[in-house]
Amino acid sequence: MRTMAALLTILAAAPAAAQMAQPRTYANPIDIDYRYNFEQQNQGISYRSGADPVIVVQRGKYYLFETIGDGYWESSDLGTWRHITPTRWPLLDVVAPAVLSVRDTIYLLPSTTSPLPILMLTEPASGRVEFYNRLLPWLPMARDREANVLAKPDSVQPGPWDPQFFYDPDTDRWFLYWNSSNAYPLHVIELDRSKHLAYKGTPHWLFGLDPEHHGWERFGQDHRDSTITPFIEGSWMTKHAGRYYLQYGAPGTEYNVYATGVYTAADPLGPFTYAPYNPVAYKPGGFVQGAGHGNTFQDVYGNWWNTGTPWIAVNWNFERRIGLHPAGFDPDGQMHVDTRFGDFPHWLPTRAGQSSDDLFTGWMLLSYRKPATASSALDSFPASRVTDENPRTFWVAKQNRPGEWLSIDLGGTYDVKAIQVNYADYKSGLYETDSNVVTQFRLQASLDGRKWAVVADLSGERRDRPNAYIEMATPVRARFVRYDHIHVGALNLAISDVRVFGHQWGVQSRPATPKGLTARRDRDARNAVITWRPVPGVVGYNVRWGIAPSKLYQTYQRFADQGTTLELRALTVRQEYWVAIESFDENGVSALGPAIRIR
């Protein structure tokens, strides 16, 4: 008869090997090797970051470009990404680039305040980057910024900053949209294809922000900072069913309410009309917060997706990550981005016609506020922080050495289906990503806290994974989950959250739908106060809202310990809204309650 130790070895080996197979799911922030930033090196501020993403499709593969990426990434499934170091790249890297794939070429233009080349990639998998236009001319009408008010429309800022290409295949015309400013609006200029996309004519002024009427365009945490004029930036154009959707980021990347709005038009030069259903991508609650400044694209099956820029902002205001959410257009032409459970596991696309409901796995968060212990902890950085669903708090081990560990008691027996390990940069001391910056660890599971089985082995990992997402090939029955440390490149071992997903074993009931929903519009019509009665034992609630009972496309997630009152400060004046609510726990999601009008 085999010994218990031998049996554990067999049980451990199978999941550990199987989990390294091609993933079927992903979770935000997406699992890429975010690069260390060099821009604050002289101030001694070290952090990894990713922002302003653009994903394009070329020859059946996905290519991701972003800010300070030291190159770009390639994927065949949107789940596993390979970093590519280009043959040619700007010395100071790339910030918020314009990227577009047209036929057999990817065109790239970094943000700039003076003329730069347009680069092109015809074999992006190889890393080969060539010049398409060796040097653009100066941007017409460019002159210095004028104070803190909108300048007259006979000028634009030097640039283009936050640029984005658009090609209209129906008219064979090219355009460039751009700006990142709290003084100037978005601009557009036509490009001359016969002159390698040089500027054609002069810029057109489009639109700026209107926070006096659009509540979500107000600056600050939960839109509460009136001392800073908000920024409009991050444009992206999508053409759908003959209509043009120009999206933009606002009010600023440094807070939880960074979002994407959209104006629509019948022509790429406008005039543009503010969509009544704004913002279209909004995620102020949960672990991953913020969804502004990204792009909208179709996967290889034709499903729509939207990228965005969540915030971290521990070491620097612009310490950020990248999010990916299902998107689409409803029969009325309304653009929508689904951020409901936007940081829980989702299926990767495998066929055409997959809705956001199809893509949500239903794997629930099992680790929220669960007890955690550690091998050691630096003063004021306890292990309890790894289950608080807050990337701005973290555990720090006393030493960065192999053998340090974290253990989470889930409090019951669960079928664990995925685990996400999110590292933090606490005095990391790094300003570039080199061969020593790799993430190596093991994950173990146990039913009793004494006998452990390895369920994921990344001891041989050769890339950095600041937000490592590990999918179990088969569910692992466990009460305890443990992180065993091997190596990170930073000076300190710091982890913000270990997030465990799955279901409670043997329990199939869903939580109750919250009752007593009320929604009252404030005297300031940009705000509404929403209340409901608590549901005992749930993990949290999703407040779902929109411009009609059948169009509740926006979600504000709240954990149960945050209370049952929400001040929603993202409404548009003179726009009608409806709201409904659902609860969720470790087993699933309640039925959505009836929608009521916000009065």
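Not measured: the values here are computed from a predicted model. (Residues numbered from 1 in each chain as written. Predicted model: local features only at pLDDT ≥ 70, side-chain atom pairs only at ≥ 80, totals over all residues. Heavy atoms only, no water.)

Asks: Quick question: what am I supposed to make of the sheet that holds strand S16 (residues 233–240) here?
Replies: Through backbone hydrogen bonds, the strands of a sheet pair up, either in parallel or in antiparallel fashion. As summarised here, the arrangement of the 4 strands in space is S16-S17-S18-S19, forming an open sheet in which the pairing is antiparallel. The open sheet is flanked by S16 and strand S19 (273–274), the only strands paired with a single partner. (Pairing = 2+ DSSP bridges. Helix = DSSP H or I, 4+ residues; strand = E, 2+ residues; numbered from the N terminus.)

Asks: Which parts of the structure should I look at to understand the confidence of the model for the chain?
Replies: Parts of the prediction with low pLDDT should not have their coordinates interpreted in detail. Averaged over all residues, the pLDDT of the chain is 95; the fraction at 70 or higher stands at 95%. Counting contacts from residues 1–19, a segment whose pLDDT is below 50, to residues more than four positions away or on other chains yields 20 contacts. (pLDDT = per-residue confidence, 0-100. Contact = heavy atoms within 4.5 Å.)

Asks: Would you mind showing me how to read the pattern of salt bridges here?
Replies: Following the criterion strictly, the structure yields 34 salt bridges and no others. In this structure, Glu471 and Arg24 form a salt bridge, with 2.7 Å as the shortest nitrogen-oxygen distance. Taken together, the positions of Glu471 in strand S31 (residues 467–487) and Arg24 in the loop between helix H1 (4–18) and strand S1 (25–26) put the pair 447 residues apart, joining distant regions of the chain. Residue Glu471 is classed as buried on the basis of its relative accessible area of 8%. The residue Arg173 makes a salt bridge to Glu190 at a minimum N-O spacing of 3.0 Å. Here Glu190 lies in strand S14 (residues 187–192) and Arg173 lies in strand S13 (residues 173–178), a separation of 17 residues in the sequence. Among the residues examined, Glu190 registers a relative accessible area of 15% and is labelled buried. Taken together, the shared-partner salt bridges in this structure form one network comprising Asp31, Glu461, Arg463 and Arg465. (Salt bridge = Lys/Arg side-chain N within 4 Å of Asp/Glu carboxyl O. Buried < 20%, exposed > 50% of the residue type's maximum accessible area, 1.4 Å probe, protein only.)

Asks: Just to check I follow, could you spell out the pairing of S31 for this structure?
Replies: For a regular strand, side-chain orientation follows a simple rule: the groups alternate between the two sheet faces. By the bridge criterion, 13 bridges tie strand S28 (residues 405–423) to S31 in an arrangement that is antiparallel. Pairing of Leu406 across the sheet is with Tyr483, part of S31. Of the strand pairs in this sheet, strand S29 (residues 440–446) and S31 are connected by 7 bridges, and their pairing is antiparallel. When the sheet's bridge partners are listed, Arg442 is paired in S31 with Asp484.

Asks: Even after reading the chapter, I still don't get the sheet that holds strand S7 (residues 82–84), so can you show me in this structure?
Replies: Ordered by their spatial adjacency, 4 strands build an open sheet running S4-S5-S6-S7, and the pairing between neighbours is antiparallel. A strand with exactly one partner marks an edge of an open sheet, and here the two such strands are strand S4 (54–58) and S7. This sheet shows a mean twist of 30° between the axes of neighbouring strands, independent of strand direction. (Axes fitted to C-alpha atoms, helices over the stretch in contact; angles between N-to-C directions.)

Asks: Any chance you could explain the pairing of S14 here in plain terms?
Replies: Across the 6 residues of S14, 6 count as buried, placing the element largely inside the fold. The alternating pattern of S14 places His187, Ile189 and Leu191 and Val188, Glu190 and Asp192 on opposite faces, both of which are buried. Where S13 and S14 come together, 5 bridges link them in antiparallel fashion. By the bridge assignment, Tyr177 is partnered in S14 with Val188. Bridging between S14 and strand S15 (residues 198–205) involves 5 bridges; their strand directions are antiparallel. Counterpart to His187 in the pairing with S15 is Trp205. Following S14, the chain reverses through 5 residues before pairing antiparallel with S15; His196 in that reversal takes a positive phi of roughly 55°.

Asks: How should I be thinking about the side chain of Asp77 in this particular structure?
Replies: Counting through the fold element by element, Asp77 comes out in the loop between strand S6 (72–75) and S7. Arg463 provides the closest opposite charge to the buried, unpaired Asp77, separated from it by 9.5 Å. In this structure the side chain of Asp77 is engaged in a polar contact, spanning 2.7 Å, whose partner is the backbone nitrogen of Gly79. There is a polar contact of 3.0 Å between the side chain of Asp77 and the backbone nitrogen of Thr80. Once you skip the residues sitting within four places of it in the chain, Asp77 turns out to touch Gln22, Pro23, Tyr62, Leu348 and Pro349. (Lys, Arg positive; Asp, Glu negative; His and termini not counted. Polar contact = N/O pair within 3.5 Å; in protein donor to acceptor, adjacent residues only side chain to side chain.)

Asks: I would appreciate a short explanation of the environment of Pro163 in the present structure.
Replies: Among the structural elements, Pro163 can be located in the loop between strand S11 (130–133) and strand S12 (164–168). Taking relative accessible area as the criterion, Pro163 reaches 3% and is therefore assigned buried. When the C-alpha positions of Pro163 and Glu217 are compared, they lie 21 Å apart, and in sequence the two are 54 residues distant.

Asks: What's the story with the environment of Pro475 in this structure? I'm lost.
Replies: Among the structural elements, Pro475 can be located in strand S31. Each C-alpha atom, one on Pro475 and one on Ile228, is 48 Å from the other, the two residues being 247 residues apart in sequence. If sequence neighbours within four positions are ignored, Pro475 has contacts with Asp415, Val416 and Lys417.

Asks: Is there a simple way to think about the packing of aromatic side chains in this case?
Replies: What characterises a pair of aromatic rings is the spacing of the ring centres plus the angle enclosed by the ring planes. For the structure shown, the criterion picks out 38 aromatic pairs. Each ring, one from Tyr184 and one from Trp205, has its centre 5.8 Å from the other, and the planes form 65°; the classification is edge-to-face. Of this pair, Tyr184 sits in the loop between S13 and S14 while Trp205 sits in strand S15, and the two are 21 residues apart along the sequence. With a centroid separation of 5.4 Å and an interplanar angle of 85°, the aromatic rings of Phe219 and Tyr255 are classed as edge-to-face. Of this pair, Phe219 sits in the loop between S15 and S16 while Tyr255 is found in the loop between strand S17 (243–250) and strand S18 (259–265), placing the two residues 36 residues apart along the sequence. Residue classification places Tyr255 among the partly exposed residues on the basis of a relative accessible area of 25%. Clustering of aromatic rings is evident, with ring pairs tying together Phe207, Trp216, Tyr248, Tyr263, Phe272 and Tyr274. In this structure, Arg321 is placed above the aromatic ring of Tyr34, and the distance from its NZ or CZ to the ring centre is 5.0 Å. The lysine or arginine in question, Arg482, covers the ring of Trp452, its NZ or CZ lying 4.3 Å from the ring centre. (Phe/Tyr/Trp six-rings, centres within 6.5 Å; stacked < 30°, edge-to-face > 60°. Lys NZ or Arg CZ within 6 Å of the ring centre and 35° of its normal.)

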